[in-house]
Amino acid sequence: MKNVGVENASFFRDTRGIDTVPLKLVFYLAITGVIIFLMAFSWNNIAPVYSGAKDSKQINSAALEIVAIQDGYARNIQDVNSPEGSICSIDLTLSDVRFLSFGVDPDSNINGNLSDSSWIVENNTIICQYENGARNLYHIDGETISFKKGKLDNSTGLWVPDENAFSSGVVIEGPISGTFNFELVLDGGKYTISHF
């Protein structure tokens, strides 16, 4: 005698839910697609914020390094035998930055051209301008810090303030990656000059 109940209960012959499987599969794939789309869209909005936070951390650290040397020894530019002034080294990796300026605004009309307008002195300020035109300003608290671009004097092998038209402030054009040194000097006043 054939057992009908066992044969009908076989897994491979049970077709009672077969019409709902494709519908469920399409539904779950659609839900998965929506989740992936939302994650990608969110990442495009979050990535600049994350990058900006990472940049802010580096720039705030640079500001602290600069403040740390302000009470140190300032080398007298007029005396070639004067000992080296207090120096700080700043490590920066800022890939999306158009420029980073110390103590000057080289692009006051915010058009991306650093040579079509006069530079405005902004002591105690670091300006970070991104490729998309957005800017972040960082104020350095404490006494007035005057930045000057430095140049290497080949006759003495010492760094001295560059006296050209754009010598006020220090500007690093992007993309920025490397170590940047600043030294405290005396030259008719106290200046923080660049060694790059």
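Residues numbered from 1 in each chain as written. Predicted model: local features only at pLDDT ≥ 70, side-chain atom pairs only at ≥ 80, totals over all residues. Heavy atoms only, no water.

Student: I keep staring at the packing of aromatic side chains and nothing clicks. Help me out?
Tutor: Within a pair of aromatic rings, the relevant descriptors are the distance that separates the centres and the angle that separates the planes. Evaluation of the coordinates by the stated rule reveals six aromatic pairs. Taking 5.7 Å as the distance between ring centres and 50 degrees as the angle between the ring planes, the aromatic pair formed by phenylalanine 102 and phenylalanine 147 counts as tilted. With phenylalanine 102 in strand β3 (residues 97–105) and phenylalanine 147 in strand β6 (residues 147–148), this pair connects stretches of sequence that are 45 residues apart. Accessibility expressed as a relative area gives 1% for phenylalanine 102, which makes it buried. Between phenylalanine 180 and phenylalanine 196, the aromatic rings sit 5.0 Å apart at their centres with planes inclined by 75 degrees, giving edge-to-face as the arrangement. Of the two residues, phenylalanine 180 sits in strand β10 (residues 176–186) while phenylalanine 196 sits in the segment after β11 (190–194), which places them 16 residues apart along the sequence. Note on phenylalanine 196: relative accessible area 34%, which makes it partly exposed. Members of the aromatic cluster, each reached through a chain of ring pairs, are Phe102, Phe147, Phe180, Phe182 and Phe196. Stacked on the ring of tyrosine 191, the Lys or Arg lysine 148 has its end atom at 4.7 Å from the ring centre. (Phe/Tyr/Trp six-rings, centres within 6.5 Å; stacked < 30°, edge-to-face > 60°. Helix = DSSP H or I, 4+ residues; strand = E, 2+ residues; numbered from the N terminus. Buried < 20%, exposed > 50% of the residue type's maximum accessible area, 1.4 Å probe, protein only. Lys NZ or Arg CZ within 6 Å of the ring centre and 35° of its normal.)

Student: Honestly, the environment of cysteine 88 in this entry has me stumped. Any pointers?
Tutor: The residue cysteine 88 is located in strand β2 (residues 87–94) in this model. Placed 19 residues apart in sequence, cysteine 88 and isoleucine 69 show a C-alpha to C-alpha distance of 6.8 Å. If sequence neighbours within four positions are ignored, cysteine 88 has contacts with Glu65, Ile66, Ile69, Phe180, Asn181 and Phe182. (Contact = heavy atoms within 4.5 Å.)

Student: Whenever I open this one, the pairing of β2 confuses me. Can you help?
Tutor: On a regular strand, each side chain points to the face opposite its neighbour's, so the side chains alternate between the two faces of the sheet. Burial along β2 is one-sided: the face carrying Cys88, Ile90, Leu92 and Leu94 is buried and the face carrying Ile87, Ser89, Asp91 and Thr93 is not. Where β2 lies against β10, eight bridges are found, and the strand directions are antiparallel. Residue pairing for β10: serine 89 is matched across the bridge by asparagine 181. (Pairing = 2+ DSSP bridges.)

Student: How should the sheet that holds β3 be read in this particular structure?
Tutor: Two strands in a sheet stick together by hydrogen bonds in their backbones, pointing the same way (parallel) or opposite ways (antiparallel). Taken in spatial order, the four strands make up an open sheet running β5-β4-β3-β9, and their pairing is antiparallel. Edge positions in the open sheet fall to β5 (135–139) and β9 (170–173), since each of these has one partner strand only. If you compare each strand with its neighbour and ignore which way they point, the axes differ by 15 degrees on average. As paired elements, β3 and strand β4 (residues 120–130) share seven bridges and run antiparallel to each other. Of the residues in β4, the one forming a bridge with serine 101 is isoleucine 127. (Axes fitted to C-alpha atoms, helices over the stretch in contact; angles between N-to-C directions.)

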